[in-house]
Each structure stands twice: as structure tokens, then as C-alpha cells.
Amino acid sequence: MPCLSALLSDTVQAAFTAAGLPAELGQVKLSDRPDLGQYQTNGALAAAKLARKPPRAVAEGVAEILDGDPRLAGVSIAGPGFINLTLTDAFLAAHVADLAADDRLGVEAVRDPQTVILDFGGPNVAKPMHVGHLRASIIGDSLQRLFRHLGHRVISDVHLGDWGYPMGLLIAEMARRRPDLPYFDAGFQGPYPADSPVGLEDLEALYPEAAAAAQAEPERRRQASAATAALQSGRPGYRALWQHFLDISVAAMKRDFDALGVHFDLFKGEADVDPLIAPMVERLADHAIAERDEGALVIRVAEDGDKAEVPPLILEKADGGVMYATTDLATIVDRVTAFDPDLVLYVVDQRQHLHFEQVFRAARRGAISGHARLEHIGFGTMNGTDGKPFKTRAGGVMKLQDLLSMATEEAEARLGEAGLAADYPAEERAEIARLVGIAAVKFADLQNWRMSNYIFDLDRFMRFEGRTGPYLQYAAVRIRSLLRKAAAQDLRPGAILPPEAPVERDLMLTLARLPDAVAVAAAKRAPHELCDYAYDLAQGFSRFYAACHVLSADDADRQASWLMLAHTTERALDRLLDLLGIAVPERM
RNA sequence: GUCCCCGUAGCUCAGCCGGAUAGAGCAUCAGAUUCCUAAUCUGAGGGCCGCAGGUUCGAAUCCUGCCGGGGACGCCA
């Protein structure tokens, strides 16, 4: 089922062609002036020069052709030559009825499904998940839901940072503190202990201390680098210790991701491609794609036309260790072999843009086979209200877990204030608070264009009124409640009638935009487009709800039509919230 | 220094492959509940779209320069 704006574009483009004008100028979009029309096309202005006629005359020519269209109630020309279109109420109602009858609400599945891999540039082992991980997680999650819904084959990979210098740093720090452990005894015959020598809290404390110490002392840095190289070359004790770190960290991350409602198909990490690195490096060196420079093995990726110098990608450091550019390349090799993807999206902080440019260029230069399009989906950093990188009041980073607890507590408090869920069982109330808190946090993040840096303002995150996640949940829940009450009175949704009230017409027009919103969000890889639209739709319903009292309607047919409108809106909201990764409670 | 992102209402942000009167939420002020959930709805005020040029019939949108914020720039991730 084609969406409304595409349908109108086809019609208007045909009219442009009939008028002897380029069809592409007949693109129809939502009106900027709802007082003059529902849709508009500005092509006559651009066509004026080609046609050597005044824009108004061009517009009149096109309007004349359109005039007989039975779907259009009005075709008018305004200003210098804008063509404004208004649909007949009958056609609008019929279109929304089609939408309502469609499982996918008019969102067509793609004709050529692609294999899409989403790389979340995952958290590093031994570092607790903090608010900085929020963006990649929820933007990436929304994108995976979106692409999947469009019918693509999506494989998401958390892609842990578990194989670089920080791992060596931790091992070196442990060697310093606990040299007695068997992991550091080169002659140890095994087996190594099954239990980790450190717990999660120890591990999380270890990293910042080790990093600070290394920062201050070059000798410690050297030791950490040596430990990294030894780990990567397979020293058994180091591998055993590293495995403990990994297991502990992964368990903690899974807990945090679960709490957030974010799931991955693969929980892989850099270390998983370790076996692929040596052969890949060898091949690149043999084919002279990689070369020695200052002791390191590098791939030169500078290209003519670069505005800034693009430094070579370091495949292998002078000390033999590898960095994440190498593991990222090997990961591409791995993915091409396993999935032969058409598209790989890296949902990673915009600051790593140059890194990805290097990796993508190296890949194109022959580091990998396969045809995958590689795309960095960058996003801006999260700052505090002072515009500087976000810190807690105490000056530290805020753990993801703590943020979610705060949001839940706040939601619980607000439930009390608003008098909602007062008589629900305590357990359900707690679950509602949890869902509301997460919705607030996710929507507050997702509604921003991902490239912008944005201000992480706790107070604002904890507000549940206006353009927020909870507003959307509330709208959906209210519709459910309405439909439940209707069903209890044996009232069912029925045929959608042509609208009478303006709010009714507006809601129909808004519903018809769903496919466009989804398409734009996917094309721009921009969940905020979904947020924008979801808010418009929820607000459209709230207005309708305030103006049209469904259950007390006199006319049974009108009432059934309204119920169908409500039901369809609910389905659309549910779909949108699902694409945003926001769950809706049954009631609240 | 070079390059990238950002600069729009008091605050937080949409709008940016040119188009009519630049939108939303919050905050402020004024209203709405004998009836479907007021976490709602209605209305008002609030703008040299960072600055200056340029292109164009037309610029928040495209180009150039400058200013301000953030970031990246070879052996961290």
C-alpha cells in the first residue's frame, strides 16, 4: 500500500508530465500552511524558468489537470505559485481504512532485504557501564528494531572492547599487586583456578587506579604494553586471568543491558577475531598493502582530495601489539565470511570518525573482500548543564544502573503525586515506575538529532510531562483503557467514516504519515524522526480525545468509526514505541 | 595550525538536497474536569535563526570569511 504523500506525488508528477514539465518537480509534501491546504507542491516555482512562463501560469496549468481528480476536494494556487491540495474527506477516510486494515499500517517491507550488521562499539571490559554508554545502546537498539521492521536481516553485535592496551594495563596492575598468583608464574603447569581473584567491584576500581598510575609513570605504561603484547600472543596465564575479567564484566553488562531492554544477537568482542589477525596481517604485508614505517606495520590511507591529513592505519605497533583498528579490520573479515553483509553500521561516538575513515579506507584498499557498505553512525557527546562532559555532583561518572534507579524512584514519586496507579498491586506499580523511568531516559536521548552534542540534564530527564516518553505511554494507555471500556459495553470498532470534526480529520492526516516517518528515519538513520512523529500522533490523539467524547457519542456508526480510529492510533503508537525500544504498561 | 560537528524563543531542542506567517516541549501568564485516565487539553506573550558578505525571483536552509562551544589529528579506545 503506497503512502499518501507518495500517492499524491505520483498524481501530481503525472500532471507535471502532462503539462510538459519534469516529473520530479511534482514532489508533494505536507503543507506548511495547514490553513490553505493539507499537502502542497512547490514545483511550479522551479519550473517557471524552464517553461519560460510566470510561476503562477505554470501552477494554473498543472492545477487545471489536477482539478478533475475525484480524490481532491480542492486544488488552489497561492502566493507566487504554490499549489495547495486538499483531500476529500471520503478519500481520506478510505485511505485510513486501508491503513487500519493493514498489518503493517502502511509501512511496506523492503523489496530487496539486505543483510545489515549493527556494531555497537561496545563497552570496555572492566569499566562499569555509565551514562556515556546510553547513546550507543539506545540509538543502536532503535536502529536495529527499525531495520528489522523494514524487513532487513539484522545482526547486532555489542562488540566489546576486550583486547587492547587496557587489558594489559589490568594484567600488569594485578602482577604488581598479587605477584604470588599462578597467572604470573611462567612455569605454572595449570590448571588455573576456576574462580576469579577479583570481584566486579575490585575490577571496576582497578582500572581507573591502574590508568592513573600509568599516566604518571612511563615504566608502568611500558609494563602494560608488554603485558598487552604477551596477552595477544597467547601467554596462558594472562589469557586465563583475562578470561576471568571478561566473564565478570560481561555478566555485569548483560545485567545492565537487560535492565535497559537492549538486546544483541552477538555478544562478541575484539578478542574473538584474534585468530584472524595474523593471517590477515601476513596477507596484507605480502600484497604490499601494508608496509613498515617507524617500526610499525601500517596501511597508508591518505587519498587525493583529502582536506586534512589522514594518518596511516597502524596494523601492528612497533612492539608487536595490535590496536583496535586491526581488530576492527579483522572483524570485517570475520563478518564477511560469516554473513556476507550488504551494510555494516557502526554506532559509535562521533569522536571516532577518523578511526572509522581509516578502517573503511583500508578495507576498500583490499584488506577485505566482500561488497559491504560500511557506515559510521556517529553521535554527539553528552554534556552536563555546564556544557562540559557530564559528571555527577561528586565529580565522578554516573553509572547506568544508578541513573535507571533514580528514574524509577522519580517515576514512583510522580505516580503518587498524579494519583495514578493508586489501587494497583505494589508489584505492578513498581513495574510501571520502572517502565516509565526507562521511557523518560530513552526518549529524552532519542529525540535529539544524534549528531548534536546534547545536554544531559537530570531534572529534565526526570520530568514526565510534555514531549516525553511517559507522555507517549500515557496516550497509548489511555486508548487501551478506552477500548477496554468500550468492549465492556459491547461497543466495537467499525467502518471509518469521513471526518466531521477538525480534530478527527487532523488525526487521520497524521495517521497517514506513519510510513513516511518510518522511511525518513531509516534513510537518515535517525530515531529522532520517529520521536517527532510519535509525539505528533500522540498529541493528535489527545486533542481528538479531548474534543470527541467517544463513549457518549449519539450516533452508533460515528462511535464505531471513532473506536476504529482510536484502535488504529494505538497500534501505530505501539509500533513506534517498539521501534524506539520503549515498552508500554497495560495501564498506568 | 589543519579538519569535523554544533550555534534557532529565557532553557532544552526540531526545521537545513532553497519557497508562503521559523515550530515544539519546559518555564511564565490566562483558561478547561457533574462525562472515556488532568502525566491531559485550549489560549497568550516570547525570535537581527551567532556575525558579515555572496548566489538567487526567494536564504534559518547553499557558498565564503569571521566569532563562540565541542571534538579529532601515528603506536589508547
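Rules behind the numbers
Residues numbered from 1 in each chain as written. Chains lettered and ligands numbered in written order. Predicted model: local features only at pLDDT ≥ 70, side-chain atom pairs only at ≥ 80, totals over all residues. Heavy atoms only, no water. Pairing = 2+ DSSP bridges. Helix = DSSP H or I, 4+ residues; strand = E, 2+ residues; numbered from the N terminus. Axes fitted to C-alpha atoms, helices over the stretch in contact; angles between N-to-C directions. Contact = heavy atoms within 4.5 Å. Near = heavy atom within 4 Å. Polar contact = N/O pair within 3.5 Å; in protein donor to acceptor, adjacent residues only side chain to side chain. Nonpolar A, V, L, I, M, F, W, Y, C, P; charged D, E, K, R; others polar. Domains from an automatic or database assignment. Buried area = accessible area lost by both parts, 1.4 Å probe. Salt bridge = Lys/Arg side-chain N within 4 Å of Asp/Glu carboxyl O.

(A) Representation of the sheet that holds strand β9 (residues 313-316) in the model. Overall, antiparallel pairing links the three strands, which are arranged β7-β8-β9 in an open sheet. The open sheet terminates on both sides in strands that have one partner only, identified here as β7 (290-293) and β9. Direction aside, neighbouring strands of the sheet carry axes that sit 45° apart on average. Set on the sheet, helix α10 (residues 274-286) makes contact with β7, β8 (296-299) and β9; between it and β9 the angle comes to about 115°. In this fold helix α11 (residues 324-339) packs onto β8 and β9, with an angle of close to 80° to the strand it touches most, β9.

(B) The protein's contact with RNA strand B, seen in detail. Near RNA strand B lie 72 residues; those nearest to it are R33, Q40, L420, Y474 and Y545. Across the atoms of RNA strand B situated within 4 Å of the protein, the share located in sugar and phosphate is 61%. With respect to RNA strand B, the backbone of Y324 contributes an N or O atom lying 3.4 Å from a phosphate oxygen. Elements that contribute at least two residues to the surface near RNA strand B include exactly α2 (43-51), β4 (82-87), α6 (165-177), β8, α13 (400-418), β13 (454-455), α16 (469-488) and α19 (527-547). No other element matches α19, which puts nine residues into the surface near RNA strand B. Residues of the surface near RNA strand B, tallied by class, amount to 36 nonpolar, 17 polar and 19 charged.

(C) A look at the domain arrangement of chain A. Considered domain by domain, chain A is made up of domain 1 (4-87), domain 2 (115-161 + 268-382), domain 3 (165-260) and domain 4 (437-579). Centre-to-centre separation of domain 2 and domain 4, based on C-alpha positions: 38 Å. Opposite the 24 residues of domain 2 that make contact, domain 4 presents 22 residues. Summing both sides of the interface, domain 2 and domain 4 together bury roughly 2000 Å²; the carbon and sulfur share of this comes to 64%. Among the residues of domain 2 in contact with domain 4, R135, I138 and L146 are the three that bury the most area, contributing 26% of the side total. Viewed at the interface, domain 4 and domain 2 are joined by three salt bridges. The salt bridge partner of R525 is E375, with a shortest N-O separation of 2.6 Å. Seen at the junction of domain 2 and domain 4, the total is 10 residue pairs in polar contact (both at pLDDT 80 or more).

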